[in-house]
Number of protein chains: 2
Amino acid sequence: MLFPELKQRRDKIRILMAQQGIDAALIACNVNLIYTYGRVVSGYLYLPLNDFARLFVKRPNTIEGEHVMSIRKPEQLPDLIKECGLPLPQKLMLEGDELSFREYNRLAACFPETEVVSCGSSLIRQARATKTEMEIEFFRRSGVAHAKAYEQIPSVYRPGMTDLQLSIEIERLMRLEGCLGIFRVFGQSMEIFMGSLLAGDNAATPSPYDFALGGAGLDPSLPGGPNGTLIQPGQSFMVDMGGNFYGYMCDMSRVYSIGKLSEQAYAAHQTCLEIQEAVSSMAKPGVICEDLYNKAIEMVTKAGFADYFMGVGQKAKFIGHGIGLEINEAPVIAPRIWQELEPGMVFALEPKIVLPGVGPLGIENSWVVTAEGLEKLTTAPEEIIEL
Amino acid sequence: MLFPELKQRRDKIRILMAQQGIDAALIACNVNLIYTYGRVVSGYLYLPLNDFARLFVKRPNTIEGEHVMSIRKPEQLPDLIKECGLPLPQKLMLEGDELSFREYNRLAACFPETEVVSCGSSLIRQARATKTEMEIEFFRRSGVAHAKAYEQIPSVYRPGMTDLQLSIEIERLMRLEGCLGIFRVFGQSMEIFMGSLLAGDNAATPSPYDFALGGAGLDPSLPGGPNGTLIQPGQSFMVDMGGNFYGYMCDMSRVYSIGKLSEQAYAAHQTCLEIQEAVSSMAKPGVICEDLYNKAIEMVTKAGFADYFMGVGQKAKFIGHGIGLEINEAPVIAPRIWQELEPGMVFALEPKIVLPGVGPLGIENSWVVTAEGLEKLTTAPEEIIEL
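Residues numbered from 1 in each chain as written. Chains lettered and ligands numbered in written order. Predicted model: local features only at pLDDT ≥ 70, side-chain atom pairs only at ≥ 80, totals over all residues. Heavy atoms only, no water.

S.K.: Got a minute to help me understand the relation of the copies chain A and chain B in this structure?
M.R.: Both copies of the chain are related by a screw-like operation: a rotation about an axis and a shift along it. With an RMSD of 0.0 Å, the operation that places chain A on chain B is a rotation of 180° combined with a shift of 0.0 Å along the axis. The two molecules are tied by a two-fold rotation axis, judged by turn and shift. A high fraction, 100%, of the interface residues of chain A reappear at the interface in chain B, so the copies pair face to face through one surface. (Least-squares fit on C-alpha atoms with pLDDT ≥ 70 in both. Contact = heavy atoms within 4.5 Å.)

Printed below as a string of structure tokens:
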């Protein structure tokens, strides 16, 4: 990745560091290394407030450069920093929400004279919440590839398929369009393989995970997603795959049916499309996330579908979430989130309804906040697609 | 999962807790919840040394039972423990290698009168290192499914394919045989999507990850595995997919060629098979891991392939690794690992050679340690399979 891009990202972090009197960050976690160094390495990016970043790398042993030094273990860090001609930090930031307790303490112990603060994860996540032009371009390309894979879904459906069998064919389509497959999540509140296909009543099964919808899954070791449900006439299914084509988690859901559904189902789907239209028209820089959520609740209540909105017995308490290198970034479109939208934020908006006896309905698209409003990244037909 | 199985696992942990004067464990991480509760939940398993385990669950909201209570946030834990009629712990164990620094501190702060120790991860990993009969049975079934998927590889190969295109077809075969897909790792030293197919010289590309072999990958955000290499006559490729069929990470590699390879390639492959034979014959309860590693190094040196063993420019410093709910469990078959093999341990043994201009050679199988020696879990032809 070109240096100006990396410098822009690092400077976004530095501005936040300066506000908190932090004079250096030690970055050790994979997604933050992708963000600040452009690729995964095993090692550490040392980011001083007022000097060039230095990479201390264990693996691969093929990385070389002016500001790159080899390292075997973190205890070498202070000496290596001094070798670069840099002072040891006064106030050092570590990734407190991502490093394990023990790894954090091991790193902190390398700097006995330094005040070590744990806000690194939240501060870098704040920097990552507004994307650069290059990141937005990765998302635009991802949206095109994601839509191209979904377009082919009707061609791989065969009558008599289970949710799992169809999911496997869609996973293959996604991979053939370039999806890297890996599904990155912040924290341990979510685990999934590539994404989910939820058919019929399985969409109402609560899961331990913090996704919009659950599903029983195939095994208690991964209780989410398809469970072997036969895809049947009169029922709907929803495809919600993670679109990680360039490291960025594009998010998109579409609904399919075998033959016609009940009138109520089309009404529920239409309600979600109207919520999407209203919320996306309202969203622009300065708008408060909670206000968008409340708008959705107001509309779904008026339409009479509140009991089935965002799940049935167990409901998701959000209608959208920031996306980036991970599927769950800032901002969250949820109650009590008083954050204002800013240009460059990218988020998924996913008003969804689960109708008992029918299945999941609604929509999910990825959007970027521009100066004027929102730009849709995942353009494809949004009606229920009849197979 | 049946209670006797869960009790057996919990008691394995309790024995280790008692040795360290720990009177309770608070288990919050997904793999340890699978181990001790039989499934993923969002919540906490509280494991007292001398009383029944209690589940404090956030999600899903459908779990009920005698020893199950609902919880919203960890700060409720002390009150809930008292409600169960249990005393607060004197010495409480948390998962210090898996909980983030901040989450650990939040949990520890809930117990201000308690001595909180961070050895939970390492102690539970020690318990998990020797598998129960049921876990071994999951592995046996996984081995059969894994081999069944690999058997079909020749039928999906088409001339002119890239490593990625063939990998996608093999991923599909694995999924159709029941593979859950998700690839669970302890720590952040490894990331991968399902597994890898390494063809030709790409197998020699060093990666940041701690796998036996690397590969350049498709994108700097995931620099490992296939990179778009055309599969060519005279070169080899190796398939190494994660066989997670029941939550357990079965591991298996096989080598394929298009037409014949050089004589040196067959000799290198044969050397790996002989190392596998020697090491697996030598392995039994009481044998030291390092001794197995040294045996392999001795043999590969004698055969003249030491420079190409376990990578070329950057070499993996192990020939095998424990497997279980995660791909990297104890024991590691590596230098300075003086751990003795014990009955019930399950590990992957993977002597591999990368020949420049040819590609990866060698073998990987999963094995369980029995009272007498080893039992192979992944039975399938081991010669280079010519396509």
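S.K.: What am I meant to see in the UniProt feature "domain: Creatinase N-terminal" (unreviewed entry) in chain A here?
M.R.: On the UniProt side, "domain: Creatinase N-terminal" (unreviewed entry) is annotated at positions that read residues 9-129 of chain A here. Between the C-alpha atoms that bound residues 9-129 of chain A there is a distance of 11 Å. The span itself is 37% helix and 21% strand. (UniProt positions renumbered as here; feature names shortened; annotations may be inferred. Helix = DSSP H or I, 4+ residues; strand = E, 2+ residues; numbered from the N terminus.)

S.K.: Is there a simple way to explain the domain arrangement of chain A in this structure?
M.R.: Accessible area lost during the coming together of the parts is what is often quoted as the interface size. Residue and element names in this part refer to chain A. Annotation of chain A at the domain level lists domain 1 (3-127) and domain 2 (130-386). Between domain 1 and domain 2, the C-alpha centre-to-centre distance is 34 Å. At the junction of the two partners, domain 1 supplies 14 residues and domain 2 supplies 13 residues. In this assembly, domain 1 packs against domain 2 so that about 1,100 Å² is buried in total across both faces, 55% of it on carbon and sulfur atoms. Contact with domain 2 buries area across many residues of domain 1, yet Glu 5, Val 31 and Arg 125 alone supply 47% of it, more than any other trio. Between the two partners, domain 1 and domain 2, sit one salt bridge. In this structure, the salt-bridge partner of Arg 125 is Glu 326, at a minimum N-O distance of 3.6 Å. Contributing elements (two or more residues each) for the side of domain 1 that touches domain 2: α1 (3-19), α2 (30-37) and α5 (120-129). The residue inventory of the side of domain 1 that touches domain 2, partitioned by class, reads five nonpolar, three polar and six charged. (Domains from an automatic or database assignment. Buried area = accessible area lost by both parts, 1.4 Å probe. Salt bridge = Lys/Arg side-chain N within 4 Å of Asp/Glu carboxyl O. Nonpolar A, V, L, I, M, F, W, Y, C, P; charged D, E, K, R; others polar.)

S.K.: I'm lost on the interface of chain A and chain B in this one. Help?
M.R.: Each partner contributes residues to the interface: chain A has 59 residues there, and chain B has 59 residues. With both sides pooled, the region where chain A packs onto chain B buries about 4,900 Å², and carbon together with sulfur makes up 55% of that total. For the chain A face of the interface with chain B, the top three residues by lost area are Phe101(A), Arg102(A) and Arg175(A), together amounting to 15%. Applying the counting criterion to the chain A and chain B interface returns 10 salt bridges. For the salt bridge of Glu169(A) with Arg172(B), the shortest nitrogen-to-oxygen distance reads 2.9 Å.

S.K.: Which parts of the structure should I look at to understand the sheet that holds strand β8 (residues 236-244) of chain A?
M.R.: All names here are of chain A. Reading across from one edge, β7-β8-β9-β17 is the order of the four strands in this open sheet, with mixed pairing throughout. Because the sheet does not close on itself, it has two edges, and the strands there are β7 (195-199) and β17 (385-386). In the packing of helix α6 (residues 133-151) onto the sheet, contacts are made with β8 and β9 (249-257), and the angle to β9 comes to roughly 25°. Each of β7 and β8 is contacted by helix α8 (residues 163-176), which is oriented at about 30° to β8, the strand it contacts most. (Pairing = 2+ DSSP bridges. Axes fitted to C-alpha atoms, helices over the stretch in contact; angles between N-to-C directions.)

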